[in-house]
Amino acid sequence: MKILNSKLYFLGEEMGILFKEFRNICLYLNKIGIVPTLMGSLGLEFISKEDWDPSDIDIHVMGDRRGWEAPDELRICDWDKIMTVMKKLGYDLVDLHEHEFRKDGISVEYGSIDSLYDFAGIYESDIKLIQLNEIKFRVPSLKQFLSIYESSSKDSYRNNNNNNKDFKKIEWLKRHI
């Protein structure tokens, strides 16, 4: 889906499915007082209006500033509430370390927004808040995504496992900022 003049447009079926599912998850998270940040290719696709072929839903919420250094069960705030929401929506937890859930081929991963400043120099409060009908969520700007992808491009594990997609995004972002 794309947002143009406050209207939703579908670019392709997969994007529609993932964004529709994010909206549903976001609605339930908002009901328990959580305003998530939409990250990854789906977030970049939402803000850039370009097709980035997202394969999952990356959601960041309040968490431990230590990021990966924090114990898995303590890394995400309100983890018990998030688990309840995801189970209610039919998701199964498949990887506690990655905070990954799956349902019907859709993968949703949670991360800590509180480690973003140390990682890419971005505070949550500086990320744009979006009100889309009944849901509220944050999504980084193009400039913020550039900082995020430049920081992640220094991670050799990520580069070896994502076919260098980050570098393509960095190139595009540099041309469009």
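I will try to describe carefully the structure that is included in this document.

The rules we used
- Residues numbered from 1 in each chain as written.
- Predicted model: local features only at pLDDT ≥ 70, side-chain atom pairs only at ≥ 80, totals over all residues.
- Heavy atoms only, no water.
- Helix = DSSP H or I, 4+ residues; strand = E, 2+ residues; numbered from the N terminus.
- Buried < 20%, exposed > 50% of the residue type's maximum accessible area, 1.4 Å probe, protein only.
- Contact = heavy atoms within 4.5 Å.
- Areas by Shrake-Rupley, 256 points an atom, 1.4 Å probe, with all protein chains shown as cover.
- Axes fitted to C-alpha atoms, helices over the stretch in contact; angles between N-to-C directions.
- Left-handed = near helix turned anticlockwise from the far one by under 90°.
- Nonpolar A, V, L, I, M, F, W, Y, C, P; charged D, E, K, R; others polar.
- Pairing = 2+ DSSP bridges.
- Core = buried A, V, L, I, M, F, W, Y, C linked by side-chain atoms within 4.5 Å.

Points about the overall build of the protein
Next, step 1: In terms of helices and strands, the protein carries seven helices and nine strands.
Next, step 2: Buried residues in the protein amount to 49% of all 177 residues.
Next, step 3: Considering only contacts in the protein between residues 6 or more positions apart, those separated by 24 or more positions represent 58%.
Next, step 4: By element, 48% of the accessible surface of the protein is carried by carbon and sulfur atoms, the whole surface being about 9,500 Å².

Things to note about the packing of helix H5 (residues 142-152) against helix H7 (residues 165-176)
The relative placement of two packed helices comes down to the angle between their axes together with the axis-to-axis distance.
Next, step 1: The geometry of H5 relative to H7 is characterised by a closest axis approach of 9 Å and an angle of 145° between their N-to-C directions. Judged by the twist between their axes, the crossing of H5 over H7 is left-handed. Across the interface between the two elements, Leu142, Phe145, Leu146, Tyr149, Glu150 and Ser152 from H5 touch Asp166, Lys169, Ile170, Trp172, Leu173, Lys174 and His176 from H7.
Next, step 2: Its residues placed into classes, the contact of H5 with H7 shows seven nonpolar, two polar and four charged.

Details of the pairing of strand E4 (residues 57-61)
Next, step 1: Within E4, five of the five residues are buried, which leaves the element mostly enclosed by the surrounding structure.
Next, step 2: Neither face of E4 is open: one carries Ile57, Ile59 and Val61, the other Asp58 and His60, and all of them are buried.
Next, step 3: When strand E3 (residues 37-39) meets E4, the two strands line up antiparallel, connected through three bridges. Within E4, the residue paired with leucine 38 across the bridge is isoleucine 59.
Next, step 4: Relative to strand E7 (residues 106-112), E4 runs parallel, the two sharing five bridges.

Overview of the environment of methionine 62
Next, step 1: Structurally, the position occupied by methionine 62 is in the loop between E4 and helix H3 (79-88).
Next, step 2: Methionine 62 sits 17 residues away from tryptophan 79 along the chain, and the two C-alpha atoms are 9.7 Å apart.
Next, step 3: When near neighbours in sequence (up to four residues on either side) are disregarded, methionine 62 contacts Ile76, Cys77, Ile113, Asp114 and Glu124.

Let's talk about the nonpolar core
Next, step 1: Counting 45 residues, the largest nonpolar core has Tyr110 and Phe137 as its most contacted members.
Next, step 2: With six residues, the single largest contributor to this core is helix H1 (residues 13-31).
Next, step 3: Excluding residues within four positions of it along the chain, tyrosine 110 makes contact with Ile25, Leu29, Ile59, Val61, Ile76, Trp79, Ile82, Met86, Glu98, His99 and Phe101.

So far we have only geometry, and geometry alone does not tell us how the molecule works.
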